[in-house]
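An overview of the molecular structure
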Amino acid sequence: MKKNLLGKTGLMVTPVGFGVLTVGNTQLNLSVNEGSAVLRYALERGINFLDTAQYYETYPYIRKALKGLPFDPIICSKCLDHSYEQMKFAVEEARREMDRDVIDIFLLHEVRSDDDLSRRQGAIEYLQEAKIKGLVKAVGVSTHHVDVAEKVAMLPEFDVLFPLINFKSLGIRKGSGAGTKEEMAAAIALSAKQGQGVFAMKVFGGGPLIGDYQEAIRYVNKLPGIASMMIGFGNTEEVDRIFEMINGTLPSSYVPDLSQKKLWIDQGDCEGCGICLDRCPNQALFRNETGRANVNEDLCLTCGYCAPVCPVRAIIMISR
Ligand code: SF4
Ligand code: SF4
């Protein structure tokens, strides 16, 4: 697979990266042996870019997959916390748990607004320090929000942007409402023009667009300013398909397996605490008439972010 320059970072990344969230306990929940084998297969086939996060709890998969690998892939991780000390802990934890001296890219995870960005000044301060010390090479922001992407594009302290975009605008936010793919594409172009490296997330909207596999990938792959897109692979066949897609050898008749994930909330277990409603970045959860949580499937991106915060583990990812 050819490589693209990630803005002014100097990092060369493959146009498709491996979003490691998929193999971890909020999604497929593969064993470390199984998940690391899929990762290793993708790396050996030529993908050189991995995306993880402190929240995903997937560092053991990466550590195992990298053991003895004859090259160093580019690793991106991120942290939801706001303070200097919390970000310092997150960077040190990533270095220790993945057995790496340097984490190539470290992000503020899932910034939701201008205010949210302002509240993370301590975390930004630490990331700048870590960059000067050579513990990370590039810093940036992941976001679902058009307004945040526009703001970050104009801030020189950030080297990279990791925005949500797909051809049906699923999950794109703007302020407290929905944003469009055109608005996010404009923010991406602005970010790239300022020299930031941009890589995309949720090209299948978190799952609902998998039936439009080729169109979904083609749309993001051709977007001006995008150096790479993260895709969550669950098995080696899915890795093979993406190589055929990027190399232009995938038959146009190809239709993927449409078995999809679905979020399910066990009404018998749910205690109605509401913690999951605050955690969902996409406002896909609501209280039903009994006060318990329910999911709006039209808004749910099946990211699995809500599952770990439930104190009674009432949130479960199942196959349709
Ligand atoms: S309901 Fe849960 S799985 Fe669905 S988008 Fe929200 S956080 Fe993600
Ligand atoms: S966090 Fe769990 S218990 Fe609380 S409302 Fe959500 S599903 Fe119910």
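Residues numbered from 1 in each chain as written. Chains lettered and ligands numbered in written order. Predicted model: local features only at pLDDT ≥ 70, side-chain atom pairs only at ≥ 80, totals over all residues.

**A word on the site of ligand 1**
- In the vicinity of ligand 1, 13 residues are found, and the nearest of them are C280, A284, C300, C303 and C306.
- Residue composition of the shell around ligand 1, grouped by class: ten nonpolar, three polar and no charged. (Near = placed C-beta within 6 Å. Nonpolar A, V, L, I, M, F, W, Y, C, P; charged D, E, K, R; others polar.)

**Some details on the nonpolar core**
- Judged by nonpolar contacts, the single largest core of 86 residues is most densely connected at I62 and V136.
- For I62, the residues in contact, after removing those within four places along its chain, are V20, L39, L50, T52, I75 and M98.
- With 17 residues, the next largest nonpolar core counts L170, I265, C300 and C310 among its residues. (Core = buried A, V, L, I, M, F, W, Y, C linked by C-beta atoms within 7 Å. Buried ≥ 20, exposed ≤ 12 C-beta atoms within 10 Å, placed from the backbone. Contact = placed C-beta atoms within 7 Å.)

**A look at the site of ligand 2**
- Taken together, 15 residues lie around ligand 2, and C270, C273, C276, A293 and C310 are the ones closest in.
- For the shell around ligand 2, the class distribution of residues is eleven nonpolar, two polar and two charged.

**Here's the deal with helix α5 (residues 121-132)**
- An ideal rise of 1.5 Å per residue puts 16 Å on twelve residues; α5 measures up with 17 Å between its terminal C-alpha atoms.
- Burial in α5 covers these residues: A123, I124, Y126, L127 and A130. Buried residues along α5 cover an arc of 160° about the axis, so they all sit on one side. In α5, those exposed residues whose orientation departs by more than 90 degrees from the buried face are Q121 and I132.
- Against the buried residues of α5 lie β5 (74-79), α3 (84-97), β6 (103-108) and β7 (136-143). (Helix = DSSP H or I, 4+ residues; strand = E, 2+ residues; numbered from the N terminus. Expected span 1.5 Å × (residues − 1). Arc of directions from axis to C-beta.)

**Quick look at the packing of α3 against α5**
- Packing of α3 against α5 brings their axes to within 7 Å, and their N-to-C directions diverge by 45°. As judged from the angle between their axes, α3 and α5 are oblique. Here α3 runs over α5; the crossing is right-handed. Each of Y84, Q86, M87, K88 and V91 in α3 lies in contact with α5, whose residues at this interface are G122, A123, E125, Y126, L127 and A130.
- Taken together, the residues of the contact of α3 with α5 break down into seven nonpolar, two polar and two charged. (Axes fitted to C-alpha atoms, helices over the stretch in contact; angles between N-to-C directions. Parallel < 35°, antiparallel > 145°, perpendicular 65-115°, else oblique. Left-handed = near helix turned anticlockwise from the far one by under 90°.)

**Quick notes on the pairing of strand β3 (residues 16-19)**
- Across the two faces of β3 the burial is the same, with V16 and F18 and G17 and G19 all buried.
- Sheet topology places β3 next to strand β12 (residues 226-231); three bridges connect them, and they run parallel. When the bridges of β12 are listed, V16 appears paired with M229.
- Across two bridges, β3 lies against strand β4 (residues 49-51) in parallel orientation. Across the sheet, residue F18 finds its bridge partner in β4, namely L50.
- Handedness of the crossover is the feature at issue here: the chain leaves β3, passes through helix α1 (residues 32-45), returns alongside β4, and the resulting connection is right-handed. (Pairing = 2+ DSSP bridges. Right-handed = clockwise from strand over helix to strand, strands pointing away.)

**Some points on the domain arrangement of the protein chain**
- When the domains of the protein chain are assigned, the result is domain 1 (9-247) and domain 2 (261-319).
- Spacing between the C-alpha centres of domain 1 and domain 2 amounts to 24 Å.
- Counting from both sides, the interface comprises eleven residues of domain 1 and, opposite them, eleven residues of domain 2.
- Grouping the constituent residues of the side of domain 1 that touches domain 2 by class yields one nonpolar, seven polar and three charged. (Domains from an automatic or database assignment.)

**Some words on the sheet that holds β7**
- The strand order β3-β4-β5-β6-β7-β8-β11-β12 describes a closed barrel built from eight strands, whose pairing is parallel. In this sheet, adjacent strand axes meet at a mean angle of 30° when their direction is disregarded.
- As paired strands, β5 and β6 are joined by four bridges and run parallel to one another. Note that in β6 the partner of C76 across the bridge is I105.

**Examining the pairing of β6**
- Most of β6 sits out of view: six of its six residues are buried.
- For the segment spanning β5, α3 and β6, crossover handedness is right-handed.
- Bridge analysis of β6 against β7 gives five bridges, and the strand direction is parallel. What sits directly across from F106, in β7, is V139.

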